[in-house]
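Analysis of the macromolecular model
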Amino acid sequence: MIEIRLAAAADIPSVALLVAFSFHPGNGWQALWRSFVQLGIEHDLRDRWRSASPHYRCWLAITTTPQPLCVGSVELDLRPINGHPQPYLSNLAVHPDYRRQGIGRKLLSTVTASLAASPYSSLYLHVLAKNNAARQLYRRCGFVVIGEDTTVWGSGSYC
Ligand SMILES: CC(C)(COP(=O)(O)OP(=O)(O)OC[C@H]1O[C@@H](n2cnc3c(N)ncnc32)[C@H](O)[C@@H]1OP(=O)(O)O)[C@@H](O)C(=O)NCCC(=O)NCCS
């Protein structure tokens, strides 16, 4: 059973661990790299929490059995897009052992539902061109590519 709930500051370490592991699974040197990445993510999350942006939200997917475990997360905030603040989704991550069970889709629909009563009609994000799993998920959920961005991490799409 999966429960989606808003994160609290106390969840920051488990979100950082989940995001680092989701984007950098693997052993050996990758595990070492992951611990650095995890520290950076944790630092960024604390910054975002401290910034107290009224628009910032982070949702978690929690398994309730056999014991509560954070297996997914996603963040939402406003970012300037074409000179105007717009909802921007980041760090959508699902633990590798829990993929293809609809958790990514559930987190995405939680984010879009949260915007239903807002004045915003679009939701933006970046995804790497080579990230086929995420691109397929976004496509299935109705996102469309509106541009290509080659300035960060090589080629990526802007949805
Ligand atoms: C991308 C990610 C969040 C998907 O999470 P998930 O919980 O596995 O996604 P869902 O189970 O909700 O999948 C929904 C649909 O997305 C598509 N999809 C998801 N993973 C896929 C894969 N590996 N290959 C192809 N399509 C995939 C499918 O259409 C799937 O529907 P289906 O299972 O009925 O075929 C997960 O793979 C992940 O955490 N990846 C690493 C982090 C990342 O890349 N995040 C996105 C950054 S932009």
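Located above this text is the structure these notes cover.
Bear in mind that the values here come from a model prediction, so they are computed numbers and not experimental data.

**What about the site of the ligand?**
- The environment of the ligand is made up of 21 residues, and the closest members are L92, V94, G104, R105 and N131.
- In the model, an oxygen atom of the ligand is placed 3.2 Å from a nitrogen or oxygen of the Q101 main chain.
- Between an oxygen atom of the ligand and a side-chain N or O atom of R140, the distance comes to 3.2 Å.
- The protein chains hide 79% of the 910 Å² of surface that the ligand would expose on its own.
- Taken together, the elements giving at least two residues each to the shell around the ligand come down to α1 (12-23), β4 (84-94), α3 (103-114), β5 (126-128) and α4 (132-140).
- The element contributing the most residues to the shell around the ligand is α4, with six residues.

**So, the packing of α1 against helix α2 (residues 29-51)**
- Running from amino to carboxyl end, α1 crosses α2 at an angle of 135 degrees, the nearest separation of the two axes being 8 Å. Considering their axes alone, α1 and α2 lie oblique with respect to each other. The two elements α1 and α2 cross, and the hand of that crossing is right-handed. Listed contacts from α2 to I12, P13, V15, A16, L17, V19, A20 and F21 of α1 are R34, V37, Q38, I41, E42, L45, R46 and W49.

**Remarks on unusual backbone geometry**
- Looking along the chain, the bond that leaves T65 and enters P66 is cis, with omega of 0 degrees.
- In this structure, P66 sits in the loop between β2 (57-63) and β3 (69-81).
- Phi is positive for R100, close to 60 degrees, though the residue is something other than glycine.
- Mapped onto the elements of the fold, R100 is located in the loop between β4 and α3.
- Residue R100 is classed as exposed on the basis of its relative accessible area, which comes to 84%.

Conventions used here
Counting from 1, residues in each chain are numbered in the order their sequence is written. In view of the model being predicted, local features appear only for residues whose pLDDT reaches at least 70, and side-chain atom pairs are presented and counted only at 80 or more, with totals across whole chains, interfaces and linings using the full set of residues. Note that the side-chain values use all heavy atoms of the structure and ignore hydrogens as well as water. Throughout, the term near means that a residue has one or more heavy atoms lying within 4 Å of the molecule or strand in question. Polar contact criterion, stated in full: a pair of N or O atoms within 3.5 Å, where within protein one must be able to donate a hydrogen and the other to accept it, and residues adjacent in sequence count only if both atoms are side-chain atoms. To measure how exposed things are, a 1.4 Å probe is used in the Shrake-Rupley method; for residues, cover is taken only from the protein chains shown. What counts as a helix is a DSSP run of H or I of at least four residues, what counts as a strand is a run of E of at least two, and both are numbered from the N terminus. Working convention: axes come from line fits to C-alpha atoms, limited for helices to the stretch in contact. Angles between N-to-C directions cover 0 to 180 degrees. In these notes the angle categories are as follows: under 35 degrees is roughly parallel, over 145 is roughly antiparallel, 65 to 115 is roughly perpendicular, and the rest is oblique. A crossing counts as left-handed when the near helix is turned anticlockwise from the far one by less than a right angle, and as right-handed when that turn is clockwise. By the convention used here, residues are in contact when the closest approach between their heavy atoms is within 4.5 Å. Only protein chains enter the accessibility calculation, which uses a 1.4 Å probe; a residue is then buried when its area is under 20% of its type maximum, exposed when over 50%, and partly exposed in between.

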